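Structural characterization, general
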Amino acid sequence: MDKGVVGVVGSGTMGRGIAQVAANVGYDVILNDVSDDLVHQSVEKLQRDLTRLVEKGKVTPEGRDQLLSRVRTSTELGDMAAADIVVEAIYEDLEAKKRVFARLDEVCPEGVVLASNSSSLSILDMAMATKRPENVVGIHFFNPVPLMQGVELVCTIMTSFHTLEAARQFSESLGKKTWVAKDAPGFLSTRLMIPYLLDAIRLLESGFAKKEDIDSCCVLSFNYPMGPLTLSDLIGLDVLLNIANGMYASFKDPRFAAPILLEKMVRAGQLGRKAGKGFYDYS
């Protein structure tokens, strides 16, 4: 299966997941980060994840090895010149993302789709850091990327029809289902999700209910796969706080105001699953 080359900028949880699903269906992947240590750690984590799937009988050893053979590492954004589509998946900082897009604009051939995996930041601001804003689009995957079926396509006032369709075709080639959202803070998914998560934290903060009861209520009453506090831990409480603060700054809507408990937990380094402790203890 030769489907072309996908560039992924950022080798964290999301970038690694995007690389995995792309390589799994036959794309060659260039996985980029700022240092050899970061990108090699990411590939090692991917190898461990795939080995666990082999042990469970969900992937063959040959399938694992073929997938890994399609992923090559990079620490230079200039390597993205070989990609047919590039997905930026670095941390949620607009200025950092704009610098990435400006550099991609310099090195990528004309017509290459430049996409951001941002969950809340302005895609247009990233696009205007380039000389080809019509080629920039949001392709918002969800965590964990290999399991979640939805992809949110974010269209700016500059995104061309061709770019949007290319993003849709790419997403669907990964086995995902898509919808289109406007380029406004939080898009569609995050604008729905953030008030839900923050309300759950406020209920806990006020002493209205125990964390286990809040989560059990949502799982057992609404058939959600996990409760809001467990989901917050999975997302990362620092990520949740950054998104909430950004959306509150845009809308001045109290639904997006971060609870004091969330701010204190982030200051204390209790960031959720990735830190070993958040609302729950993962140590």
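This one's a predicted model, so the numbers in the text were calculated from it and none came from an experiment.

Let's talk about the environment of S232
- Mapped onto the elements of the fold, S232 is located in helix α9 (residues 228–235).
- Placed 192 residues apart in sequence, S232 and H40 show a C-alpha to C-alpha distance of 27 Å.
- Excluding residues within four positions of it along the chain, S232 makes contact with L197, I201, L237, L240 and F279.
- Among the polar contacts listed, one links the side chain of S232 to the backbone oxygen of P228, at a separation of 2.8 Å.

A word on the sheet that holds strand β4 (residues 85–88)
- Taking strand neighbours across the sheet as the criterion, the eight strands line up as β3-β2-β1-β4-β5-β6-β7-β8 in an open arrangement whose pairing is mixed. Lying at the two open borders of the sheet, with one neighbouring strand each, are β3 (71–74) and β8 (177–182). Shown here is a sheet whose adjacent strand axes are inclined to one another by a mean of 25 degrees, direction ignored.
- For strand β2 (residues 28–32) and β3, the ladder comprises four bridges, and the chain directions are parallel. Residue N32 lies in a different strand from β3, and its bridge partner there is S74.
- Relative to β2, helix α1 (residues 13–24) is tilted by about 170 degrees, and along the sheet it contacts β1 (5–9), β2, β3 and β4.

Focus on the nonpolar core
- I139, F141, F170 and L174 are the most contacted members of the largest nonpolar core, which has 33 residues in total.
- Top contributing element to this core by residue count: α1, with six residues.
- Setting aside its immediate chain neighbours within four residues, F170 contacts V6, Y27, I85, V87, I139 and F141.
- If you look at the next biggest cluster of nonpolar residues, it comprises 22 residues, including M80, M126, V154 and F187.

Remarks on the pattern of salt bridges
- By the definition in use, this model includes twelve salt bridges.
- Taking the shortest distance from any N to any O, the salt bridge between K97 and E92 comes out at 3.2 Å.
- Since its relative accessible area comes to 25%, E92 is described here as partly exposed.
- The salt bridge involving E165 is made with R168; its shortest N-O contact spans 3.2 Å. One end of the pair, E165, and the other, R168, are both in helix α6 (residues 161–173), three residues apart, so they sit about a helical turn from each other.
- What makes R168 partly exposed here is its relative accessible area of 23%.
- Salt bridges sharing common partners tie together K45, D49 and R52.

Describing the packing of aromatic side chains
- Evaluation of the coordinates by the stated rule reveals five aromatic pairs.
- Note on F222 and Y224: the rings are 5.6 Å apart at their centroids and 55 degrees apart in plane angle, and the pair reads as tilted.
- By relative accessible area, Y224 is classed as partly exposed at 37%.
- Here the basic side chain of K211 rests over the ring of Y280, its NZ or CZ set 5.0 Å away from the ring centre.

Side note on unusual backbone geometry
- Note that the residue after N143, namely P144, is joined by a cis bond; omega there is 0 degrees.
- Relative to the assigned elements, P144 resides in the loop between β6 (136–140) and β7 (150–155).
- In this structure, N223 takes a positive phi of about 65 degrees despite not being glycine.
- In this structure, N223 sits in the loop between α8 (211–222) and α9.

Description of the packing of α8 against α9
- At their nearest, the axes of α8 and α9 sit 7 Å apart, and the two run at 100 degrees to each other. With respect to each other, α8 and α9 are oriented roughly perpendicular. Counted together, K211, I214, D215 and C218 of α8 and P228, L229 and T230 of α9 form the full contact between these two elements.
- Split into classes, the residues belonging to the contact of α8 with α9 amount to four nonpolar, one polar and two charged.

Focus: α8
- A rise of 1.5 Å per residue sets the reference length of α8, with its twelve residues, at 16 Å; its end C-alpha atoms lie 16 Å apart and thus fit the reference within 8%.
- Listed in full, the buried residues belonging to α8 are I214, D215 and C218. Projected down its long axis, α8 shows its buried positions confined to an angular sector of 90 degrees, all on one face. Summarising the geometry of α8, the exposed residues directed more than 90 degrees from the buried face are L220 and S221.
- On its buried face, α8 sits against α7 (189–205) and α9.

Here is what the cut-offs are and how they apply
Residues numbered from 1 in each chain as written. Predicted model: local features only at pLDDT ≥ 70, side-chain atom pairs only at ≥ 80, totals over all residues. Heavy atoms only, no water. Helix = DSSP H or I, 4+ residues; strand = E, 2+ residues; numbered from the N terminus. Contact = heavy atoms within 4.5 Å. Polar contact = N/O pair within 3.5 Å; in protein donor to acceptor, adjacent residues only side chain to side chain. Pairing = 2+ DSSP bridges. Axes fitted to C-alpha atoms, helices over the stretch in contact; angles between N-to-C directions. Core = buried A, V, L, I, M, F, W, Y, C linked by side-chain atoms within 4.5 Å. Buried < 20%, exposed > 50% of the residue type's maximum accessible area, 1.4 Å probe, protein only. Salt bridge = Lys/Arg side-chain N within 4 Å of Asp/Glu carboxyl O. Phe/Tyr/Trp six-rings, centres within 6.5 Å; stacked < 30°, edge-to-face > 60°. Lys NZ or Arg CZ within 6 Å of the ring centre and 35° of its normal. Parallel < 35°, antiparallel > 145°, perpendicular 65-115°, else oblique. Nonpolar A, V, L, I, M, F, W, Y, C, P; charged D, E, K, R; others polar. Expected span 1.5 Å × (residues − 1). Arc of directions from axis to C-beta.

Taken by themselves, the reported measurements are silent on function.
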